[in-house]
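Summary of structural features
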Amino acid sequence: MSPESKKSASQAPAKRNTPQKQAVKHALGEATGFVSAQQLHQTLKAHGSTIGLATVYRTLADLAQAGEADSLQSKDAEVLYRACTTSHHHHLICRKCGLTLEIEAQNLEKWADQVANEHGFSQPSHNIDIFGVCSNCR
């Protein structure tokens, strides 16, 4: 999420902290890697929850907007979500099993600033996800 998006998200009215939101947030935090709303809904149902799929979609979108979840689009054009820290970071994502690691990339930060400055841009922001195959899946 860019600094501009975080700023606007933090200025938005606070959403209610409902039991449904807490259940979705907890399930997302327990998930390994990125998951779809349907996968999360199935997990919640398997644990006895009666939360509707629309509520899961809405809650995941709210969490992503608030910076409490990352989202990305799968190769099948499905939006996937992962609980994550709110500080700026990047990801390494396994194409086979979905293992996702948050990484710091100081060299990348310096490079992005340098490229922006060279072209007369200020206040650059970026989102970087690196896809590959983890050591367990090789």
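Anything mentioned here points back to the structure above.
Residues numbered from 1 in each chain as written. Predicted model: local features only at pLDDT ≥ 70, side-chain atom pairs only at ≥ 80, totals over all residues. Heavy atoms only, no water.

Considerations on the overall build of the protein
Threshold: Each helix is a run of DSSP H or I of at least 4 residues and each strand a run of E of at least 2, with the numbering of both proceeding from the N terminus. The buried label applies to any residue whose accessible area, calculated with a 1.4 Å probe on protein chains only, is under 20% of its type's maximum; exposed applies above 50%, and partly exposed to all values in between. Contacts were defined at the residue level, with two residues in contact if any of their heavy atoms lie within 4.5 Å. Accessible surface area values rest on a Shrake-Rupley calculation with a 1.4 Å probe, where residue burial reflects the displayed protein chains alone.
Check the secondary structure of the protein and you find 5 helices and 6 strands. Listed by position from the N terminus, the elements making up the protein come as α-α-β-α-α-β-β-β-β-α-β. Taken over 138 residues, the protein has a buried fraction of 31%. In the protein, of all internal contacts separated by at least 6 residues, the share reaching a separation of at least 24 is 49%. Carbon together with sulfur atoms contributes 52% to the accessible area of the protein, which is approximately 9,100 Å² in total.

Side note on the side chain of Asp 70
What counts here: Charge assignment in this entry is limited to Lys and Arg as positive and Asp and Glu as negative, and neither His nor the chain termini are counted. The rule for a salt bridge is simple: a side-chain nitrogen of Lys or Arg has to be within 4 Å of a carboxyl oxygen of Asp or Glu. Any N or O atom pair separated by 3.5 Å or less is treated as a polar contact, with the protein-specific requirement of one donor-capable and one acceptor-capable atom, and with residues adjacent in sequence counted only for side-chain atom pairs.
Residue placement: Asp 70 occurs in strand E2 (residues 69–73). At 4.6 Å, Arg 82 is the nearest oppositely charged side chain to Asp 70, a buried residue that forms no salt bridge. At 2.6 Å, the side chain of Asp 70 forms a polar contact with the side chain of His 91. Setting aside residues no more than four positions away along its own chain, Asp 70 makes contact with Phe 34, Leu 80, Tyr 81, Arg 82, Cys 84, His 89 and His 91.

Observations regarding the pattern of salt bridges
All chains considered together, the criterion is met by 2 salt bridges. In this structure, Lys 25 engages Glu 68 in a salt bridge whose closest nitrogen and oxygen atoms are separated by 2.5 Å. Note that Lys 25 is positioned in helix H2 (residues 19–30) and Glu 68 in the loop between helix H4 (53–65) and E2, a separation of 43 residues in sequence. Residue classification places Lys 25 among the partly exposed positions, given a relative accessible area of 35%.

Observations regarding unusual backbone geometry
Among all residues save glycine, negative phi is the norm, and among peptide bonds the norm is trans. The phi angle at Ala 77 is positive, at roughly 70 degrees, despite the residue not being glycine. Tracing the chain through its elements places Ala 77 in the loop between E2 and strand E3 (79–83). Phi at Gln 123 takes a positive value of approximately 50 degrees, unusual for a residue other than glycine. On the basis of relative accessibility, which here comes to 65%, the residue Gln 123 falls in the exposed class.

Some points on H2
For clarity, the cut-off: How far a helix is expected to stretch is found by multiplying one less than its residue total by 1.5 Å. Taking the helix axis as origin, the arc is that swept by the directions to the C-beta atoms.
The end-to-end C-alpha distance of H2 is 16 Å, a good match for the 16 Å that 12 residues give at a rise of 1.5 Å each. Listed in full, the buried residues belonging to H2 are Lys 21, Val 24, Ala 27 and Leu 28. Projection of H2 onto a plane perpendicular to its axis shows the buried side chains occupying an angular sector of 130 degrees, all on one side. Among the exposed residues of H2, those oriented more than 90 degrees off its buried face are Pro 19, His 26 and Glu 30. As for H2, its buried residues are in contact with strand E1 (35–36), helix H3 (37–46), H4, E2 and E3.

Focus on the pairing of strand E5 (residues 100–103)
A regular strand carries its side chains on alternate faces of the sheet. Where we set the bar: Only when DSSP finds a minimum of two bridges between them are two strands counted as paired.
Of the pairings in the sheet, the one linking strand E4 (residues 90–94) to E5 comprises 4 bridges and is antiparallel in character. Bridge pairing in E5 places His 90 opposite Ile 103. Hairpin connection between E4 and E5: a loop of 5 residues separates the two successive antiparallel strands, and Gly 98 in this loop has a positive phi of roughly 85 degrees.

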